[in-house]
Amino acid sequence: MYDARVAIARHREIGPELFTKIAIAVSMANECRYCTGAYASLLSGRLGDDEAVREFQTSLARGDLSGREADFVDFALTLLEDPHELTDEDFASLRDAYGLTDRGFVGLFYAVNIVSGYNRITIGFDLEYDHSYPKRWADPDAHEWQR
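Residues numbered from 1 in each chain as written. Predicted model: local features only at pLDDT ≥ 70, side-chain atom pairs only at ≥ 80, totals over all residues. Heavy atoms only, no water.

(A) Expanded view of the nonpolar core. Membership of the largest hydrophobic core comes to 38 residues, with the highest contact counts inside it found for Ile22, Ile24, Leu60 and Leu108. Looking at this core, the elements that each hand over two or more residues are α2 (15-29), α3 (33-47), α4 (50-62), α5 (67-81), α7 (102-124) and α8 (135-138). The element contributing the most residues to this core is α2, with 8 residues. (Core = buried A, V, L, I, M, F, W, Y, C linked by side-chain atoms within 4.5 Å. Buried < 20%, exposed > 50% of the residue type's maximum accessible area, 1.4 Å probe, protein only. Helix = DSSP H or I, 4+ residues; strand = E, 2+ residues; numbered from the N terminus.)

(B) Main features of the packing of α2 against α4. Look at α2 against α4: their axes get within 11 Å of each other, and the N-to-C directions meet at 55 degrees. The orientation of α2 relative to α4 falls into the category oblique. At the point where α2 passes α4, the crossing takes the right-handed sense. Judged by residue contacts, Lys21, Ile24, Ala25 and Met28 of α2 engage Val53, Phe56, Gln57 and Leu60 from α4. When the residues that make up the contact of α2 with α4 are grouped by side-chain class, the tally is 6 nonpolar, 1 polar and 1 charged. (Axes fitted to C-alpha atoms, helices over the stretch in contact; angles between N-to-C directions. Parallel < 35°, antiparallel > 145°, perpendicular 65-115°, else oblique. Left-handed = near helix turned anticlockwise from the far one by under 90°. Contact = heavy atoms within 4.5 Å. Nonpolar A, V, L, I, M, F, W, Y, C, P; charged D, E, K, R; others polar.)

(C) Highlighting α3. With 15 residues, α3 should reach 21 Å at 1.5 Å per residue; the first-to-last C-alpha distance of 20 Å fits that figure. For α3, the full list of buried residues reads Cys35, Thr36, Gly37, Tyr39, Ala40, Leu43 and Ser44. A positive phi of about 110 degrees marks Gly48, the residue just after α3. (Expected span 1.5 Å × (residues − 1).)

Below, the structure written as structure tokens:
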């Protein structure tokens, strides 16, 4: 399972940074503090510091993302919340704007599914927070969703 996740994260259509941002969005939506912190720690390393991740989370919560990032995250959160709401136009939009292929869509679906599964495992086992990313920023109550 881990190898498949890594392969998707490295796939050129999604890439590690966007995969991690999607993972943070899914984890925040599922109110999984542990996973939000884990993925935020990874993203912090990619972006250079925790404050950049905090800015991403704030923009996400306020609905202020834009461009490719917003389009992929919105699609992912719709898939998470109610996959029946996805339309042919939603698929066409990502295909037309970003050249997303069938393989890319499978990767995106898998990313949402596997992260959500990790969320359920960590919530179910009530894993103790042990990440370098500030716990207060990983707390879902620290963000007011505008979705």
